[in-house]
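Residue-level structural notes
Residue strings, one per chain:
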Amino acid sequence: MKKDEFLQTMIDAIEIEEEINENTELENLEEWGSLAAVTTLALFNKFLGLKIPASEIKKAKTIGDILQLGGEKYD
Amino acid sequence: MLQLKVNNVSIRGISTVIPPKELCLLDDKTLYNGDEKQLKKVMKSSGFNKRRVVDENTTAADLCQRAAEILFEEMNISPDTIDGIIFVTQTPDYYIPATACILQNKLKLRNSIFAFDVNQGCAGYAYGLYIASGLINTGLKRILLLVGDTSSKYTDMFRENHSAPIFGDAGSATLLEYNSDNEPIYFDIGTDGSNYDVIMAQNGGFRHPVKSDDFYTDGTYKYNAQMDGMRVMEFTLDKVPDSINDVLNFSGIEKNDIDYFILHQANKFILKNIAFNCDIPLEKLPFETLSKYGNQSCTSIPCAISDMIKDDIMNKKLKLLLSGFGIGLSWISCILETNKIYCSGIREY
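Residue indices follow the written sequence of each chain, beginning from 1 at its first position. For this description, chains carry letters from A and ligands carry numbers from 1, given in the order in which they are written. Per-residue local features of the predicted model are confined to residues with pLDDT of at least 70, and side-chain atom pairs are confined, for both listing and counting, to 80 or more; whole-chain, interface and lining totals are unaffected and use all residues. Each side-chain value is worked out from all heavy atoms of the structure, with water and hydrogens disregarded.

Here we take up helix H9 (residues 300-308) of chain B. Among the nine residues of H9 of chain B, eight are classified as buried, and the element is accordingly described as predominantly covered. Along H9 of chain B, the residues classified as buried are Ser300, Ile301, Pro302, Cys303, Ala304, Ile305, Ser306 and Asp307 of chain B. Here's how the labels work: a residue is buried when its accessible area is under 20% of the maximum for its type, exposed when over 50%, partly exposed in between, all with a 1.4 Å probe on protein chains only. To qualify as a helix, a DSSP run of H or I must reach at least 4 residues; to qualify as a strand, a run of E must reach at least 2; elements of each kind are numbered from the N terminus.

Listed below in structure tokens is the structure:
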């Protein structure tokens, strides 16, 4: 899966309605919270085969920080 | 994980009992400090809405006793034919003796039987099946498995931060029998005690004995019960999909051949994520029970069976995958077959 495809999957799963990009700050995103974070962990697991600890997602400040957690697993 | 295959056991009947008193989350105006918008948001994602709670004089043992009596009456089973009783609960009548011994007497079972309690929570029903099915193979004919909890009594888990109480109370009785013709039951089991504090009640045991300043001003005891929601979700997404896939691989049974995946009714969000991770269609992984009756701890699986698939389990041969997971941390998945068995449906105490 490509990084932009993963981002779109995240947008659909969390039901993000506004336009976002890698610079979007999570604290300004209404849909972001603990459930969105856990949903994202599930997406990393399912689509990239990555088990990322919740503590890593908690450190993220932007959408870009989250996408970086996919590392080299993107196509 | 620990994987086992147990032969010669069949479930003959399941009955479930809930208390009559119903509470609805929207009726409690103190939750989230009166922020109804926040409450509705939580209700939408978690799926919780109503729950049943016992009065102060009713225990899990009472609910299970009634469930067993219903099973005996409606299946025309004599209590004399029971060779052992296992009571799975985290809300026993007393620290000592085991409540199973008290139930042996109340249910008029023979003296020549075994009786013991098992301290397990949300993984408790599948644990009970595992223990009972193993013991059946020691030369027994029938075991009565009672599984019940009154978790609603751990009120301090939610009152401190005014969050939505989610636990509902229930009791169940399952009759297991020796049957050499039945398909094996397959189990996948795991334990992680390093995260014992994810869900716990700290006070009242012997590590932190009861003391006089552990009471609220209204006289209720402060168990210091706690649940770390994020860590619970992290645990379930980490362990449960693997457990489900592992027990399928171990059994050699195809996922598509499973009629229903009955999981511990933890919350709708967790169950939908597990279904998503495991590619299980939601029509095979029902979760409506939790909105009607709350998170029923160890009783959620038999109650989900009674509530959502009673007609199918009574009229068809079914291949079921059950998965219980939670406090401990403990997880256990099993695959079993039932063949038109008795099911009481949800009954009121």
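Our next topic: the sheet that holds strand E1 (residues 2-6) of chain B. Strand pairs in the sheet, formed through backbone hydrogen bonds, run parallel or antiparallel to each other. Residues and elements named next belong to chain B. Two strands qualify as a pair provided DSSP detects at least 2 bridges between them. With respect to topology, five strands assemble into an open sheet ordered E1-E9-E14-E13-E12, the strand pairing being mixed. At either margin of the open sheet sits one strand with a lone partner, and together these are E1 and strand E12 (260-263). If you compare each strand with its neighbour and ignore which way they point, the axes differ by 20 degrees on average. Pairing between strand E9 (residues 185-191) and strand E14 (residues 330-339): six bridges, direction antiparallel. Each axis is a line fitted through C-alpha atoms, taken for helices only over the stretch in contact, and angles between the N-to-C directions span 0 to 180 degrees.

Moving on, we come to the nonpolar core. By nonpolar core is meant a set of buried Ala, Val, Leu, Ile, Met, Phe, Trp, Tyr and Cys residues that side-chain atoms within 4.5 Å join together. One finds Trp32 of chain A together with Ile244 and Phe325 of chain B to be the most contacted residues of the largest nonpolar core, which totals 72 residues. The greatest single-element share of this core, amounting to nine residues, is contributed by helix H6 (residues 229-251) of chain B. Val88, Ile185, Ile262 and Ile309 of chain B belong to the second-largest nonpolar core, a separate cluster that totals 37 residues.

To continue, consider the pattern of salt bridges. Pairs can form between side chains of opposite charge once their charged atoms are near each other. Throughout this description, the term salt bridge denotes a Lys or Arg side-chain nitrogen within 4 Å of a carboxyl oxygen of Asp or Glu. With the rule as written, the count across this model stands at 22 salt bridges over all chains. Measuring nitrogen to oxygen at the nearest pair gives 3.2 Å for the salt bridge that ties glutamate 69 of chain B to arginine 66 of chain B. Pair noted here: glutamate 69 of chain B and arginine 66 of chain B are both in helix H2 (residues 60-75), with a separation of three residues, about one helical turn. Look at arginine 66 of chain B and you get partly exposed, because its relative accessible area is 27%. The salt bridge partner of arginine 347 of chain B is glutamate 74 of chain B, with a shortest N-O separation of 2.7 Å. Of the two residues, arginine 347 of chain B is situated in strand E15 (residues 342-348) and glutamate 74 of chain B in helix H2; the sequence distance between them amounts to 273 residues. Arginine 347 of chain B gets classed as partly exposed once you look at its relative accessible area, which sits at 25%. Judged by its relative accessible area of 41%, glutamate 74 of chain B falls in the partly exposed class. Taken together, the shared-partner salt bridges in this structure form one network comprising Lys51 of chain A together with Asp238, Lys239 and Asp242 of chain B.

For the rest of this paragraph, the subject is the sheet that holds strand E6 (residues 114-118) of chain B. Residue and element names in this part refer to chain B. One open sheet holds the six strands; their spatial order is E6-E5-E7-E8-E2-E15, and the pairing between them is mixed. Since the sheet does not close on itself, it has two edges, and those belong to E6 and E15, each with one partner. Going from strand to strand, the sheet's axes swing by 15 degrees on average, the running direction of each strand aside. Docked against the sheet, H2 engages strand E2 (9-18), strand E5 (84-88), strand E7 (142-149), strand E8 (170-178) and E15, running at close to 45 degrees with respect to E8. Contacts were defined at the residue level, with two residues in contact if any of their heavy atoms lie within 4.5 Å. Together, E2, E8 and E15 form the strand contacts of H9, whose direction differs from that of E15 by roughly 95 degrees.

Further remarks concern the pairing of E6 of chain B. With five bridges connecting them, E5 of chain B and E6 of chain B associate as parallel partners. Residue pairing across strands places isoleucine 85 of chain B opposite alanine 115 of chain B, the latter belonging to E6 of chain B.

Right, let's get into the packing of aromatic side chains. Two rings from Phe, Tyr or Trp (for Trp, the six-membered ring) form a pair when their centres sit within 6.5 Å of each other. Planes less than 30 degrees apart are called stacked, planes more than 60 degrees apart edge-to-face, and all others tilted. Taken as a whole, this structure holds eleven aromatic pairs over all chains when the rule is applied. Judged by centre distance (6.1 Å) and plane angle (65 degrees), the rings of phenylalanine 6 of chain A and tyrosine 74 of chain A are edge-to-face. One end of the pair, phenylalanine 6 of chain A, is in helix H1 (residues 3-14); the other, tyrosine 74 of chain A, is in the segment after helix H4 (63-68), with 68 residues separating them in the sequence. With a relative accessible area of 0%, phenylalanine 6 of chain A lands in the buried category. The buried category is assigned to tyrosine 74 of chain A, whose relative accessible area is 12%. Judged by centre distance (4.8 Å) and plane angle (75 degrees), the rings of tyrosine 154 of chain B and tyrosine 223 of chain B are edge-to-face. In this pair, tyrosine 154 of chain B is assigned in the loop between E7 and helix H5 (156-159) and tyrosine 223 of chain B in the loop between strand E10 (199-201) and strand E11 (225-227), connecting sequence segments 69 residues apart.

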